[in-house]
Amino acid sequence: MTSSVVVVGAGVLGSSLADRLARSGWGVTHVEQFSPGHVRSGSGDESRLIRSSHGDDELHARMSRRALELWRELDPRLVSPAGVAWFARRADGWEAASERVLTRLGIPNERVDPAALFPSVNADDLAFTLLEPEAGLLRAREGVRALADRAVAAGAQRVTAVARPDGERVVLDDGRVLEADHVVWACGAWMAALFADVLELRITHQDVFYFGADGRWAAPDVPGWVDFDGAAYGMGDLDGRGVKVGPDVEGPGVASMSAERRNSPELERVARAYLAHRFPALAGAPLVGSRVCQYELTPDERFVVSPHPAYGGRVWLLGGGSGHAFKHGPALAERMESWIAGSEAPEACFTLGDHRRHDVQLRTAGTKL
Ligand SMILES: Cc1cc2nc3c(=O)[nH]c(=O)nc-3n(C[C@H](O)[C@H](O)[C@H](O)COP(=O)(O)OP(=O)(O)OC[C@H]3O[C@@H](n4cnc5c(N)ncnc54)[C@H](O)[C@@H]3O)c2cc1C
């Protein structure tokens, strides 16, 4: 018997799920207020890193490895095979834990000389550099559109409207009411207001900056990189956008999703200082672009993939990306299908409840602005 589902939200999480369920034969209605991968969504940037390192957390390492296969299956051009380099400031810190997990799981990784990876790099403060050669860069916005379009090709009905929950029903701003066997709310940062009664999400302002550099800095020749203890990440110049630097410093709280989007001068200063420190030849490189984004932070950095406590498994919440969900989208959707269908219990760490503890770091060590 086929089941029906309404998925609200066409960011990476909602689009991955709509795609997965439509291809499995579910009757899917996919609702989005703007368009898949639009500029204000968390998924709406040109690029995202995909890496398996997650410290000593094996669940996320496995999931992102599976996701890499699924992204390639969707369209190999979505993945730039640049690799991701981890700048380890401690001999036995987060990266060493990652190294042990990756090796145990058979995921390629090696300690390398960073001077062989970057045209100019300062490694004075590094204990070692760990390269995940099979990790890389995702063409993010294109990827979200590809997922949403494949869902439609598989039979999903896409609806452009603002939705609000009304018990188990979905009420659209044009007055229509949608009902289905299941409803999944995958509304990114907008979830904080829609489900304030059950969800604990902090929405923070985050910026990424792009700097002009010569052709030697182009991806995939130059890899993605993360400095866990330095709370920064970035990548070489992908598709001519510029060398990307993202301070993983927690920005100020976002009061309204309708606010104007202007970069924070403090975060720009942090990005420039990092660039000058790590890649000395790029000190003073011109800023050629920037973007404002937001994190939807759960208290423990783990996503929320959970039945709503009130509706007996008919209404689900999918979100709380916590600054690291993009890569996992298709793999999370694959697992979620059996959770919604009831054939498998949901992963306990993603469910709502007071069991959540801040006992992992899944992005970087982070700092507050
Ligand atoms: C600066 C930055 C860098 C990041 N870097 C990485 C990275 O390198 N790797 C990685 O894996 N992750 C990264 N992330 C995290 C990742 O991008 C997000 O976790 C992910 O994109 C969130 O996806 P989502 O589908 O939950 O939300 P969104 O992409 O925000 O999608 C939610 C959608 O729901 C729609 N919606 C909301 N409310 C309604 C409504 N009422 N009715 C209809 N539609 C609605 C919105 O319009 C939106 O399209 C980064 C995030 C940021 C901000």
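Quick note: structure is the one above.
Per chain, residues are indexed from 1 in the order of the written sequence. Given that the model is predicted, a residue must reach a pLDDT of at least 70 before its local features are reported, and side-chain atom pairs must reach 80 or more before they are shown or counted; all residues, however, enter totals for whole chains, interfaces and linings.

Asker: How should the overall build of the protein be read in this particular structure?
Answerer: Along its length, the protein carries seven helices and 22 strands. The globule rule used here is 2.2 Å times the number of residues to the 0.38 power, and the radius of gyration it is set against is calculated over C-alpha atoms. Against the globule reference of 21 Å for 369 residues, the protein gives a C-alpha radius of gyration of 20 Å, in line with a compact fold. On the principal axes, the C-alpha backbone points of the protein span a range of 60 × 45 × 40 Å. Neighbour density around each residue's C-beta defines its exposure: 20 or more other C-beta atoms within 10 Å make it buried, 12 or fewer make it exposed, and counts between make it partly exposed, where C-beta atoms are placed from the backbone. Out of the 369 residues in the protein, the part that is buried amounts to 50%. Throughout, a pair of residues is in contact if the C-beta atoms placed from their backbones lie within 7 Å. Intrachain contacts of the protein at a sequence separation of at least 6 include 76% that bridge at least 24 residues. What counts as a helix is a DSSP run of H or I of at least four residues, what counts as a strand is a run of E of at least two, and both are numbered from the N terminus.

Asker: Explain the nonpolar core here, please?
Answerer: Where a protein is soluble and globular, its nonpolar side chains tend to be buried together. Within the largest apolar cluster, 105 residues are counted, with the highest numbers of intra-cluster contacts made by Leu-17, Trp-185, Met-191 and Leu-318. When near neighbours in sequence (up to four residues on either side) are disregarded, Leu-318 contacts Leu-13, Gly-14, Leu-17, Val-184, Trp-185, Ala-186, Val-304 and Val-305. Linking buried Ala, Val, Leu, Ile, Met, Phe, Trp, Tyr and Cys residues through C-beta atoms within 7 Å yields a set, and such a set is a nonpolar core.

Asker: Would you mind going over the site of the ligand with me for this structure?
Answerer: Every one of the 37 residues lining the ligand counts as a neighbour, but Gly-9, Gly-11, Gly-188, Cys-293 and Gly-321 are closest to it. Those elements that provide at least two residues to the shell around the ligand are α1 (12-23), β2 (27-32), β3 (47-50), β14 (202-211) and β19 (287-297). In this analysis a residue is considered near a molecule or strand if the C-beta atom, reconstructed from its backbone, is found within 6 Å of that molecule or strand.

Asker: What is the right way to look at the sheet that holds strand β11 (residues 169-172) in this model?
Answerer: The pairing of strands in a sheet happens through backbone hydrogen bonds and is either parallel or antiparallel. Spatial ordering of the open sheet is given by β10-β11-β12, a layout of three strands whose pairing is antiparallel. If you trace the sheet from one side to the other, it starts and ends with β10 (163-166) and β12 (177-178), each paired once. Here the rule is simple: two strands pair whenever DSSP picks up at least two bridges between them.

Asker: Looking at this structure, how should I read helix α2 (residues 58-74)?
Answerer: Side chains three or four residues apart in an α-helix point the same way, a direct result of the helix having 3.6 residues per turn. Take the residue count of a helix, subtract one, and multiply by 1.5 Å to get its expected span. In this model α2 runs 24 Å from its N-terminal to its C-terminal C-alpha over 17 residues, within 8% of the 24 Å that 1.5 Å per residue would give. Listed as buried for α2 are His-60, Ala-61, Met-63, Ser-64, Arg-65, Ala-67, Leu-68 and Trp-71.

Asker: Looking at this model, I keep getting lost on the sheet that holds strand β13 (residues 182-185). Mind explaining?
Answerer: Read across the sheet, six strands follow the order β9-β2-β1-β13-β21-β20 without closing on themselves; strand pairing throughout is mixed. Looking along the sheet, the strands with just one partner apiece sit at the ends: β9 (157-160) and β20 (304-307). Between one strand and the next, the sheet's axes are offset by a mean angle of 15°, whatever the strand orientation. As defined by bridge partners, β13 adjoins strand β21 (residues 315-319) across three bridges and the pair is classed as parallel. Of the residues in β21, the one forming a bridge with Val-184 is Trp-316. Every angle, taken between N-to-C directions, lies between 0 and 180 degrees, and every axis is a line fitted to C-alpha atoms, over only the stretch in contact when it is a helix. Most of the contacts of α1 go to strand β1 (residues 4-8), to which it runs at about 160°, and overall it touches β1, β2, β13 and β21.

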